[in-house]
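# What the coordinates show
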Amino acid sequence: MDNDIDKIDEHSDHLDRWKSRWVEQRIAWHMTEINQCLLRYRSRILDDIPIHCNRNIKVFIPMCGKALELLWFAQQRCDVIGMEISEIAIRDFFKDNNLEYVIDKSSDLYVLYRCETLNISMYVCDVLL
């Protein structure tokens, strides 16, 4: 039992350190360009959808931060779902891209940020819960 409590405490400490990096803007992993492989293989990812299929492709990006790929997929008419522990990262994503959003705090498990014009939904929650 003590081992389980230690694991929970360790996980909580890790999340706090991650959030503090966003507060301090120590986010060296954040890329300023879209992943080149994604651009190179766009047709293999998106163009093989049958033309008669009227559903959008759904893209899930866990631990998304404020990744440029979120907007790129949305501009390709995909439904984008992001998940991130840092609310700062999500707010920065919408601010950096001049996107309006609504916030849904109706759940005890997550906060949902949603841009309806581009079908982007980003959840603030612990992806490892």
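These lines cover the structure that appears in this document, whether it is placed above or below. Keep in mind the model is a prediction, meaning the values are calculated, not measured.

With that settled, consider the pairing of strand 2 (residues 79-84). The buried fraction of strand 2 is high, at five of six residues. Relative to strand 2, strand 1 (residues 58-62) is paired through five bridges, and the arrangement is parallel. Bridge pairing in strand 2 places Ile61 opposite Gly82. Viewed along the sheet, the connection from strand 1 through helix 4 (residues 68-75) into strand 2 turns out right-handed. Direction of pairing for strand 2 relative to strand 5 (residues 120-124): parallel, over a ladder of five bridges.

Next up on the list: the side chain of Asp92. Among the structural elements, Asp92 can be located in helix 5 (residues 87-96). Sequence-distant contacts of Asp92, that is, excluding residues within four places in its chain, are made with Gln25 and Lys66.

Bringing the nonpolar core into the picture now. Judged by nonpolar contacts, the single largest core of 23 residues is most densely connected at Leu70, Phe73, Phe93, Phe94, Ile120 and Met122. For this core, the secondary-structure elements that each account for two or more residues are strand 1, helix 4, helix 5, strand 4 (111-115) and strand 5. Of the residues forming this core, the biggest block, five residues, is contributed by helix 4. For Leu70, the contacting residues outside a window of four places in its chain are Ile61, Cys64, Gly65, Val80, Gly82, Phe93, Ile120 and Met122.

Another point: helix 5. Turning to helix 5, its buried residues are Ala89, Ile90, Asp92, Phe93 and Phe94. At the N-terminal boundary of helix 5, the capping side chain belongs to Ser86, with an oxygen 3.3 Å from the backbone nitrogen of Ile88. Residue Asn98 follows helix 5 closely and has a positive phi angle near 50 degrees.

What follows is about the pattern of salt bridges. Scanning all chains against the criterion turns up three salt bridges. A salt bridge links Arg114 to Glu116; the nearest nitrogen and oxygen atoms lie 3.2 Å apart. Judged by relative accessible area, Arg114 falls into the partly exposed class, the value being 26%.

Here we take up the sheet that holds strand 3 (residues 102-104). The mixed open sheet is built from five strands, whose spatial order is 1-2-5-4-3. In the strand order of this sheet, the two ends are held by strand 1 and strand 3, each with one partner. When strand polarity is set aside, the average angle formed by the axes of neighbouring strands in this sheet is 20 degrees. Contacts between helix 4 and the sheet are confined to strand 1, strand 2 and strand 5, with strand 2 contributing the most and set at about 165 degrees to the helix. Helix 5 contacts strand 2, strand 4 and strand 5 of the sheet and is inclined by roughly 160 degrees relative to strand 5.

For strand 4, the tally of buried residues reaches four of five residues, placing the bulk of the element in the interior. As paired strands, strand 3 and strand 4 are joined by three bridges and run antiparallel to one another. Bridge pairing in strand 4 places Ile103 opposite Tyr113. Direction of pairing for strand 4 relative to strand 5: antiparallel, over a ladder of five bridges. Bridge pairing in strand 5 links Cys115 to Ile120. Hairpin remark: strand 4 followed by strand 5, antiparallel, with four residues in the connecting loop; positive phi at Asn119, about 55 degrees.

What counts, and at which threshold
- Residues numbered from 1 in each chain as written.
- Predicted model: local features only at pLDDT ≥ 70, side-chain atom pairs only at ≥ 80, totals over all residues.
- Heavy atoms only, no water.
- Buried < 20%, exposed > 50% of the residue type's maximum accessible area, 1.4 Å probe, protein only.
- Helix = DSSP H or I, 4+ residues; strand = E, 2+ residues; numbered from the N terminus.
- Pairing = 2+ DSSP bridges.
- Right-handed = clockwise from strand over helix to strand, strands pointing away.
- Contact = heavy atoms within 4.5 Å.
- Core = buried A, V, L, I, M, F, W, Y, C linked by side-chain atoms within 4.5 Å.
- Polar contact = N/O pair within 3.5 Å; in protein donor to acceptor, adjacent residues only side chain to side chain.
- Salt bridge = Lys/Arg side-chain N within 4 Å of Asp/Glu carboxyl O.
- Axes fitted to C-alpha atoms, helices over the stretch in contact; angles between N-to-C directions.

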